[in-house]
Amino acid sequence: MTNIKLLDCTLRDGGYINDWNFGCHTMRSIIKLLVDSQVDYVEIGFLRDCVYDQDKALYNNCSEMLSVLPAKKGNTMFTAMALHNKYDIRKLEDYDGKTIDAIRVTFHDYDIDEGLDFIRKAKEKGYRVFCNPINIMGYSDEMILSLLKKVNQIQPYAFSIVDTFGSMMKSDLLRIYSLIEHNLDKSIVIGLHLHENLALSYSLAQEFITMKASERKSVIDASMLGMGRTPGNLCMELIMDYMNKTQGAVYDVNPVLDGIDDHIIQLKQIEPWGYSTAYALSAKFNLHRNYAEFLLGKGRLRAKQINQILASIEEHKKTAYDEAYIEGLYQKFQNHEVDDSKLIAKLADDLKGQKVLILAPGSSLLKQREQIEHFLEREKPIIVSANFVSRDYRQDYIFCSNAMRYGALEERDPESVILITSNLMDVCEEQNVLNYAELCFDEKGNCDNCVIMLLKLFMKLGMETVYVAGFDGYQEEGGNYVTSYMASQHTKGMEENIRNRRYIEDIRKQLEVVFLTDSLYNL
């Protein structure tokens with residue numbers, strides 16, 4: 001029989017997807033199915049200072065776990081995870097064999113001693129304790145050796161290789177495992193926790209099994225369908241099957257497959273985990289995943305631009321996420337200063353005495369086409385489209401401030417004049433460049449919505465009235481855009497509605513904004 005065990009972390013790591021709100025019935029079902037599969041460990045959630053909710057995989061103590069644990073557990077052991085600075089260990093009961101058998105403790109490289117002290121206290125209460133240092137890829141060899149020396153002194157049950165940011169490759173695993181194998185007390189189990197940033201978790205798990213010393217006991221983490229905070233984890237059903245084929249294990253994969261069908265597939269609709277280029281880029285630089293999430297949330301950057309911004313993150317900022325810092329890098333990247341005074345003067349002259357209509361890409365352009373056409377026939381305005389090319393209306397100008405939308409401008413009428421903002425100078429060679437900072441930033445902060453920026457431009461040109469069509473606002477039920485590809489590039493919703501509405505209110509104090517189509521901003 002193999003000395004490699006498997007630990008399922010679906011209810012704990014997967015909880016990042018649904019805020020751990022699986023529901024009591026679902027948690028019971030998942031745990032029972034995993035027990036039926038004969039998995040060695042099931043991690044049932046977090047020990048955390050929290051308001052207990054029986055439907056969530058978060059617990060203040062072990063007695064709160066009884067509602068989800070099965071009467072018969074076979075040979076499966078149960079565990080929970082604790083972040084040493086988010087749980088008061090004084091609330092933890094002494095081990096009595098009726099709930100969990102082990103506790104997994106995490107800590108950062110800057111609070112190692114606090115984490116090890118927490119491990120010592122948990123061990124004194126009678127539990128098996130896993131030592132799970134966050135982001136071991138961020139440790140130098142000297143730091144790993146120093147940590148192992150301290151770990152040997154307190155003798156936890158296991159020490160885990162945790163690839164927090166999913167940046168590990170085969171050579172990294174070999175180097176780190178070799179250091180640990182030769183310097184960790186032989187009685188301590190070695191664990192492995194992988195992420196899917198580089199789509200390597202299954203491959204690395206196999207490499208680990210191959211390189212592992214035969215006498216060393218080990219535990220490999222996985223979750224059902226790889227469920228976990230995007231991009232996810234090693235798939236339990238795959239590693240079970242591999243263990244059966246190559247290591248003489250006897251896991252029953254069928255209950256896990258049933259659990260995926262019954263519970264996990266529907267949860268993937270909340271936030272689909274899996275490989276994505278942005279998280280691969282964060283792994284490339286071994287960065288905290290929130291940096292990639294922040295830039296993705298902007299909804300206006302290509303992967304190449306995300307790569308450029310992530311590459312500029314300083315070494316000492318990589319591990320601990322700093323939102324103000326990444327916001328500063330984003331704004332610096334966006335804010336290419338240009339002298340647009342000549343272009344501004346020309347536009348002011350060309351548009352003097354003209355009526356101007358902004359076309360935004362909202363679906364009302366289709367739904368309320370008749371009234372738009374009546375306006376066009378009656379007023380014959382100058383038409384300026386905002387970040388898209390309309391197939392239904394001519395455009396005198398096309399204003400673009402979004403790199404993801406720039407590619408679609410190839411379909412434009414060659415008579416249309418393109419105006420770009422200076423943040424796009426690295427992706428195109430247009431001649432008419434407007435200063436991004438002047439249109440995006442003001443005393444209230446920054447707003448990079450294209451229509452808001454256009455309205456600010458027309459204020460700068462000294463116009464008194466501007467007409468707007470297709471600036472509908474974002475609605476959760478969908479159907480917001482004239483073409484579907486635009487929806488896939490936008491990640492914001494009600495929060496941006498609120499911000500845009502405030503800007504429109506302020507702009508209307510200086511510029512008359514007339515909406516030709518229905519809009520959530522026309523109050």
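(A) Seen up close, a negative patch on the surface. Residues D252, D258, D261 and D262 make up a contiguous surface patch of negative charge. Its place among the elements puts D252 in the loop between α8 (236-246) and α9 (253-267). On the basis of relative accessible area, D252 is assigned to the partly exposed category, the value being 31%.

(B) Layout of unusual backbone geometry. The peptide bond linking T230 to P231 adopts the cis configuration, its omega dihedral lying at 15°. Relative to the elements of secondary structure, P231 occurs in the loop between β9 (218-222) and α8. Here Q38, not a glycine, exhibits a phi torsion of approximately 70°, which is positive. Note that Q38 resides in the loop between α3 (24-36) and β2 (41-47). You can call Q38 partly exposed: its relative accessible area is 45%.

(C) Main features of the pattern of salt bridges. By the definition in use, this model includes 31 salt bridges. Where E293 meets R229, a salt bridge forms, and the shortest distance between an N and an O atom there is 3.3 Å. One end of the pair, E293, is in helix α11 (residues 289-298); the other, R229, is in the loop between β9 and α8, with 64 residues separating them in the sequence. Judged by its relative accessible area of 25%, R229 falls in the partly exposed class. Overlapping salt bridges, with partners in common, bring together R12, D13, E43, R104 and D221 in one network.

(D) Seen up close, the layout of surface pockets. Looking at the largest pocket, its volume works out to about 670 Å³. As for the largest pocket, its lining consists of 25 residues, of which Y16, L83, I134, T164 and R229 are closest to the centre. Those elements that place two or more of their residues in the lining of the largest pocket are α1 (10-13) and β4 (77-83). Its residues placed into classes, the lining of the largest pocket shows 9 nonpolar, 10 polar and 6 charged.

(E) The arrangement of empty space enclosed by the protein in detail. Using the criterion set out here, one finds 2 cavities of 30 Å³ or more in the structure. Taken as a whole, the second largest cavity encloses approximately 30 Å³ of empty space. Taken together, L347, L351, V384, Y397, L419, L454, L457 and F458 make up the lining of the second largest cavity. Where the lining of the second largest cavity is concerned, the elements lending two or more residues are α14 (341-351) and α19 (450-460). Here the element with the most residues in the lining of the second largest cavity is α19; it accounts for 3 residues. Within the lining of the second largest cavity, the residues separate by chemical class into 8 nonpolar, no polar and no charged.

Rules behind the numbers
- Residues numbered from 1 in each chain as written.
- Predicted model: local features only at pLDDT ≥ 70, side-chain atom pairs only at ≥ 80, totals over all residues.
- Heavy atoms only, no water.
- Patch = residues over 30% accessible without salt bridge, like charges linked within 9 Å, V, L, I, M, F, W, Y side chains within 5 Å.
- Areas by Shrake-Rupley, 256 points an atom, 1.4 Å probe, with all protein chains shown as cover.
- Salt bridge = Lys/Arg side-chain N within 4 Å of Asp/Glu carboxyl O.
- Lys, Arg positive; Asp, Glu negative; His and termini not counted.
- Charge placed at Lys NZ, Arg CZ, Asp CG, Glu CD.
- Helix = DSSP H or I, 4+ residues; strand = E, 2+ residues; numbered from the N terminus.
- Buried < 20%, exposed > 50% of the residue type's maximum accessible area, 1.4 Å probe, protein only.
- 1 Å grid on protein atoms, 1.4 Å probe; cavity = no way out; pocket = protein on both sides within 12 Å on 5 of 7 lines; lining within 4 Å.
- Points joined across faces, edges and corners; volume = space filled by probe spheres on them.
- Nonpolar A, V, L, I, M, F, W, Y, C, P; charged D, E, K, R; others polar.

So yeah, pure geometry; function would need other evidence.
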